[in-house]
Amino acid sequence: MQKANYMSNTCAIPNNIAQSREQVFQINLSKTHHEYVIALAGNPNTGKSTIFNALTGLNQHTGNWPGKTVKRMEGKFRFHDRHYRLIDLPGTYSLLSTSTDEEIARNFVLFGKPDVTVVVVDSTCLERNLNLVLQIAQITNNVILCCNLIDEAKRKSISINQQSLEHDLGLPVVLTSARNGDGLDDLKKSIEEIITGQIRPQPFAISYPDELKEPVETLVSSLRELFPTLPNPAWVAMRLLDGDQKIKESLDSAELLPTLLNNDSSLATESHHLPSPSNPSVNTIFKTADHLSRSVQPVMHDLFVESLFLDAQRITRRAVTKKTGIRIWDNSLDHLLTSRIFGIPAMVILLSIVFFLTIEGANIPSQILADWLFQIEGLLDHTFNYLNAPWWLTGFLAHGVYRGLAWVISVMLPPMAIFFPIFTFLEDFGYLPRVAFNLDRLFKWSGAHGKQALAMGMGFGCNAAGVIATRIIDSPRERLIAIITNNFVPCNGRWPTLIMLASLFVAAAFPSALSSVAAASTIVFITLFGVLVTLLVSKFLSTRTSLRGESSFFQIELPPYRRPQFLRIIYTSLIDRTLLVLWRAIVMAAPAGGLCWLLANIYVGQYSLFAHAANFLQPMGQAIGLDGVILLAYIIAIPANEIIVPTIIMGYMAAGQMTELDSDFELKQLFVQNGWSVMTAVSLMLFSLLHYPCSTTTMTIWKETKSVKWTVVSNLLPLSIAFAVCFIVAQTWPLLF
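Points about the overall build of the protein
Link 1 in the chain: When helices and strands are tallied, the protein shows 30 helices and 13 strands.
Link 2 in the chain: In the protein, the share of contacts with a sequence separation of at least 24, taken over all contacts with a separation of at least 6, comes to 75%.
Link 3 in the chain: Here the protein displays about 33200 Å² of accessible surface, and carbon together with sulfur accounts for 60% of that area.

With respect to helix α20 (residues 476-485)
Link 1 in the chain: α20 sits mainly inside the fold: nine of its ten residues count as buried.
Link 2 in the chain: Within α20, the full set of buried residues consists of R477, E478, R479, L480, I481, A482, I483, I484 and T485.
Link 3 in the chain: Of the surrounding elements, those touching the buried residues of α20 are α18 (452-459), α19 (463-469), α22 (512-544), α29 (695-705) and α30 (708-736).

Quick notes on the pattern of salt bridges
Link 1 in the chain: All chains considered together, the criterion is met by eleven salt bridges.
Link 2 in the chain: Note that K76 and E35 form a salt bridge whose closest N and O atoms lie 3.7 Å from each other. Taken as a pair, K76 in strand β4 (residues 71-79) and E35 in strand β2 (residues 35-42) lie far apart in primary sequence, 41 residues in all.
Link 3 in the chain: Here E704 ties to R479 by a salt bridge, and the two come within 2.5 Å at their closest N and O atoms. Of this pair, E704 sits in helix α29 while R479 sits in helix α20, and the two are 225 residues apart along the sequence. For the pair shown, E704 and R479 are each scored as buried.

A look at the packing of α29 against α30
Link 1 in the chain: Where α29 contacts α30, the axes come no closer than 9 Å and their chain directions differ by 145 degrees. As for the relative orientation of α29 and α30, their crossing is right-handed in sense. Here T698, I701, W702 and T705 of α29 lie close against α30, whose contacting residues are V708, T711, S714 and N715.
Link 2 in the chain: For the contact of α29 with α30, the class distribution of residues is three nonpolar, five polar and no charged.

Let's talk about the pairing of strand β6 (residues 116-122)
Link 1 in the chain: Buried residues dominate β6, accounting for seven of its seven residues.
Link 2 in the chain: Where β2 and β6 come together, five bridges link them in parallel fashion. Across the sheet, residue L40 finds its bridge partner in β6, namely V118.
Link 3 in the chain: Judged from the six bridges that link them, β6 and strand β7 (residues 143-148) form a sheet pairing that is parallel. Bridged to V120 within β7 is C146.

Structural notes on the pairing of β2
Link 1 in the chain: With respect to burial, β2 is a largely interior element, eight of its eight residues being buried.
Link 2 in the chain: Sheet analysis places β2 next to strand β5 (residues 82-88), joined by six bridges and oriented parallel. Opposite V37, over in β5, you have R85 as the bridge partner.

Describing the confidence of the model for the protein
Link 1 in the chain: Predicted confidence across the protein gives a mean pLDDT of 79, with 82% of residues reaching 70 or more.
Link 2 in the chain: Taken element by element, the predicted model of the protein shows its lowest mean pLDDT in helix α12 (residues 265-271) (41) and its highest in strand β9 (residues 173-175) (94).
Link 3 in the chain: Low pLDDT (under 50) marks residues 2-28, which in the prediction has 60 contacts with non-local residues, meaning those over four places away or in another chain.
Link 4 in the chain: Long-range and interchain partners of residues 263-275, a stretch whose pLDDT sits below 50, account for twelve contacts in this model, where long-range means more than four residues apart.

Focus on a nonpolar patch on the surface
Link 1 in the chain: The grouping of I349, I353, F356 and L357 at the surface amounts to a nonpolar patch, some 400 Å² of accessible area in total.
Link 2 in the chain: Within the secondary structure layout, F356 lies in helix α15 (residues 343-386).
Link 3 in the chain: Residue classification places F356 among the exposed residues on the basis of a relative accessible area of 52%.

Re unusual backbone geometry
Among all residues save glycine, negative phi is the norm, and among peptide bonds the norm is trans.
Link 1 in the chain: Positive phi, close to 65 degrees, is recorded for D81, a residue that is not glycine.
Link 2 in the chain: With respect to the helices and strands, D81 occurs in the loop between β4 and β5.
Link 3 in the chain: With phi around 60 degrees, N388 is a residue other than glycine that occupies positive phi space.
Link 4 in the chain: Checked against the element boundaries, N388 lands in the loop between α15 and α16 (391-429).

Considering the side chain of S177
Link 1 in the chain: Inspection of the secondary structure assignment puts S177 in the loop between β9 and α7 (184-195).
Link 2 in the chain: Of note is the side chain of S177, whose polar atom sits 3.3 Å from the side chain of D151.
Link 3 in the chain: S177 has contacts with N148, L149, I150, D151 and D182, leaving out every residue within four places of it along the chain.

Points about the state of the cysteines
Link 1 in the chain: Under the counting rule described, the total for this entry stands at zero disulfides.
Link 2 in the chain: Not engaged in a disulfide, the cysteine C146 finds its nearest cysteine sulfur in C147; these two sulfurs lie 7.1 Å apart.
Link 3 in the chain: C491 provides the cysteine sulfur closest to C694, a residue in no disulfide bond, and the two sulfurs are 6.1 Å apart.
Link 4 in the chain: We classify C694 as buried; its relative accessible area is 15%.

Points about the packing of aromatic side chains
Link 1 in the chain: Evaluated as defined, the whole model comprises eleven aromatic pairs.
Link 2 in the chain: Considering the side-chain rings of F425 and F429, the 6.4 Å spacing of their centres and the 5 degrees angle between planes classify their relative orientation as stacked. Placement of the pair is F425 and F429 together in helix α16, with a separation of four residues, close to one helical turn.
Link 3 in the chain: On the basis of relative accessibility, which here comes to 32%, the residue F425 falls in the partly exposed class.
Link 4 in the chain: The ring of W445 carries K539 above its face, with NZ or CZ at 4.9 Å from the centroid.
Link 5 in the chain: The ring of F505 carries the charged tip of K668 above its face, separated from the ring centre by 5.5 Å.

What to know about the nonpolar core
Link 1 in the chain: In terms of nonpolar packing, the biggest core is built from 91 residues, with L501, I630, I648, Y652, F671, W676 and F687 touching the most fellow members.
Link 2 in the chain: Among the elements that line this core, the one with the most residues is helix α21 (residues 495-506), at eight residues.
Link 3 in the chain: If we skip the residues at most four places from it in the chain, F671 touches M500, L504, F505, I648, Y652 and W676.
Link 4 in the chain: One finds L96, L134, I139 and I247 within the second-largest nonpolar core, a separate group that totals 65 residues.

Re the packing of helix α8 (residues 210-226) against helix α9 (residues 233-241)
Link 1 in the chain: Two elements in contact, α8 and α9, have axes whose closest approach is 8 Å; the angle formed by their N-to-C orientations is 115 degrees. In terms of orientation, α8 lies roughly perpendicular with respect to α9. In this structure, α8 crosses over α9, and the sense of that crossing is right-handed. Taking contact as the criterion, the partners of L212, P215, V216, L219, V220, L223 and R224 in α8 are, on α9, P233, A234, V236, A237, M238, L240 and L241.
Link 2 in the chain: Grouping the constituent residues of the contact of α8 with α9 by class yields 13 nonpolar, no polar and one charged.

Calculation notes
- Numbers given to residues run from 1 along each chain, matching the order in which its sequence is written.
- The predicted origin of the model limits local features to residues at a pLDDT of at least 70 and limits the giving and counting of side-chain atom pairs to 80 or more, whereas totals for whole chains, interfaces and linings rest on all residues.
- Only hydrogens and water are set aside; all other atoms, that is, all heavy atoms of the structure, feed into the side-chain values.
- The numbering of helices and of strands both runs from the N terminus, where a helix is a DSSP run of H or I of at least 4 residues and a strand a run of E of at least 2.
- Residue contacts follow a heavy-atom distance rule, with two residues in contact if any of their heavy atoms lie within 4.5 Å.
- Accessible surface area values rest on a Shrake-Rupley calculation with a 1.4 Å probe, where residue burial reflects the displayed protein chains alone.
- For every residue, the accessible area obtained with a 1.4 Å probe (protein chains only) is divided by the maximum for its type, and the residue is called buried under 20%, exposed over 50%, and partly exposed between those limits.
- Each reported salt bridge corresponds to a side-chain nitrogen of Lys or Arg within 4 Å of a carboxyl oxygen of Asp or Glu.
- For every element, the axis is a line fit to its C-alpha atoms; helices are fit only across the contacting stretch, and the angle between N-to-C directions ranges from 0 to 180 degrees.
- The handedness criterion is simple: a crossing whose near helix is rotated anticlockwise from the far helix by less than a right angle is left-handed, and one whose near helix is rotated clockwise is right-handed.
- Residue type decides the class: Asp, Glu, Lys and Arg count as charged, Ala, Val, Leu, Ile, Met, Phe, Trp, Tyr, Cys and Pro as nonpolar, and the leftover types, Gly among them, as polar.
- Criterion used throughout: strands pair if DSSP finds at least two bridges between them.
- Scored between 0 and 100, pLDDT is the confidence that the predictor attaches to each residue.
- Any residue with relative accessible area above 30% and no salt bridge may belong to a patch, with like charges joined within 9 Å and the nonpolar Val, Leu, Ile, Met, Phe, Trp and Tyr side chains within 5 Å.
- Polar contact is defined as a pair of N or O atoms within 3.5 Å, subject to the rule that within protein one atom must be able to donate a hydrogen and the other to accept it, and that residues adjacent in sequence are counted only when both atoms are side-chain atoms.
- Note on terminology: pairs of cysteine sulfur atoms within 2.5 Å are recorded as disulfides.
- Stacked, tilted and edge-to-face pairs are distinguished by plane angle, under 30 degrees for stacked and over 60 for edge-to-face with tilted covering the rest, among Phe, Tyr and Trp rings (Trp via its six-membered ring) whose centres lie within 6.5 Å.
- Placement of a positive charge over a ring is assigned whenever Lys NZ or Arg CZ falls within 6 Å of the ring centre and within 35 degrees of the normal to the ring plane.
- Here, the term nonpolar core denotes a set of buried Ala, Val, Leu, Ile, Met, Phe, Trp, Tyr and Cys residues that are joined through side-chain atoms within 4.5 Å.
- For classification purposes, an angle smaller than 35 degrees is called roughly parallel, one larger than 145 roughly antiparallel, one from 65 to 115 roughly perpendicular, and anything else oblique.

Structure representation (structure tokens):
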């Protein structure tokens with residue numbers, strides 16, 4: 001790294017800014033002529049987003065990367081009268097383009113030509129994080145290494161020699177603690193020094209293993225001859241040996257080639273006088289690369305990664321010192337939570353506690369909220385009567401649409417307001433990656449991806465949120481499997497039905513002292529059965545359908561346990577998750593409430609439409625251990641599962657609106673009078689667990705897949721399984737009991 005002469009802050013904007021503007025436009029990013037583009041790269045869980053938020057504040061917005069469903073964060077900040085546009089790249093462990101995130105990050109650094117790339121690393125595990133730093137430094141010189149979480153490193157008695165790192169890497173190094181705001185001004189100053197040319201980084205060159213040196217040097221020689229301004233011929237040579245089609249297209253395309261060449265103004269000017277590469281010349285390089293790759297391809301990837309880790313290890317040993325003999329509590333905790341013996345039992349216990357707190361904690365708030373909302377229904381009724389509104393208008397709006405909304409809000413909001421903060425707390429603490437680690441071998445057996453466990457976890461709160469959470473899975477095939485099977489995780493809307501049935505019919509068969517344990521065990525069993533169905537269906541989809549394929553390699557770096565940020569937890573869980581999901585449910589539940597009222601109050605002959613429809617469905621319901629009223633309730637409750645039980649009660653009582661009873665005893669009596677038994681309760685619990693997703697989740701599936709075909713499959717496949725399982729139970733139950 002060289003320190004250049006100081007350049008005035010008022011220097012003219014370099015010509016390359018205008019050139020890079022055009023290049024940035026190619027990936028649909030806007031940039032004005034007086035802005036500098038800064039890319040923010042790094043491994044997941046390094047505090048990259050915290051740095052992004054600290055630098056840009058509220059001056060940021062989100063979108064998707066072109067053609068991808070991966071979220072793109074952009075923001076702006078100003079320092080010493082210069083304007084910067086900060087692009088937060090997806091968290092990634094490498095740039096080898098084996099996943100969508102890696103492809104996006106690699107393409108932006110390579111083709112977007114940011115003015116500076118800041119690579120954020122975790123100071124507590126620098127050696128592993130340097131892998132990405134070394135790869136980015138092979139593409140561009142303008143790199144800053146940002147060692148974040150330096151406060152955690154100090155707590156673990158880890159010290160980093162900043163000068164040693166700068167010397168070995170040839171890059172400016174900044175030590176930060178973004179949570180506390182420490183070091184951010186130094187980071188801005190380093191960015192400015194590269195922008196103004198005060199610092200000209202000269203990155204460390206990777207030591208290629210002997211087996212790769214000759215092929216790389218051969219291709220580098222040809223590339224330099226044909227493309228003298230190519231800034232990273234060794235890296236391009238490696239990508240050609242690896243058969244990277246995007247690099248081949250770029251070298252052979254008049255449109256993309258300029259994005260690969262050096263955008264330094266002087267060199268770029270010189271390049272205009274060079275003859276354009278001819279296809280025969282480029283094809284000769286491609287043929288040479290293909291020939292050379294045949295001898296190194298089987299081991300090239302491993303050799304390259306090994307050389308990166310060896311270089312990272314050597315650099316880290318010189319720069320990092322750690323006091324020995326200090327007991328670190330999180331290591332002991334990790335041994336327990338990721339143990340092959342205790343990991344999954346500990347996970348089940350912890351999730352059971354989360355469910356218990358959610359179910360028990362939501363009861364009182366749900367009742368208070370329901371009382372308050374249904375008082376408003378009474379006021380609406382009085383208001384309509386005062387205005388002399390026709391009875392059907394009062395009934396449809398107040399006792400149909402509004403009552404449906406009130407039911408959904410009172411049932412869904414309290415559990416979500418408890419579940420999502422606890423879930424986000426575990427996420428912020430660093431536990432969820434360990435859940436994925438524990439379940440990875442099970443999902444690998446089923447041909448799915450270990451990250452599917454994280455999406456399943458979100459599904460416990462809401463399947464729509466679980467479907468969105470599948471974005472963390474890189475493989476489209478594995479993500480589609482995760483979307484289709486997320487329905488088998490019981491969501492908030494199904495918990496009330498499951499708990500009621502377990503309490504009224506299963507727990508009642510046990511002595512009162514054991515009834516609560518029996519009910520809780522039943523819920524746990526149903527939940528584990530849902531996980532088993534998820535694995536079996538994933539196995540079927542990945543071996544017997546067009547989604548067949550091998551599970552991809554799951555590389556996950558377990559982040560250190562961290563003190564959760566409570567303000568972020570509240571914002572993320574309440575604003576970004578709870579209210580978003582609740583709003584979608586409200587939109588879908590309003591028409592369901594109105595439809596339910598219409599069916600119960602429009603008569604054809606002696607019976608209402610509800611009664612006619614229930615009678616029509618009766619044979620089908622009896623075949624699977626249910627009845628016509630239950631099936632009709634599930635059809636009406638497609639928008640929101642929360643209104644199933646009130647709709648069943650309405651059907652049995654022939655009432656004109658959704659109804660609740662005051663006690664569990666009255667409720668059980670009503671069910672028994674209508675032919676219910678333990679077998680009916682078991683069949684209904686299984687049907688509730690397995691049946692199609694609600695309309696909110698279906699709408700989310702369509703938005704995520706943009707496919708009518710897979711949206712239909714996501715509904716019909718679970719419904720078929722639900723009918724098959726319930727049919728087997730109904731036909732075998734009399735033989736066993």
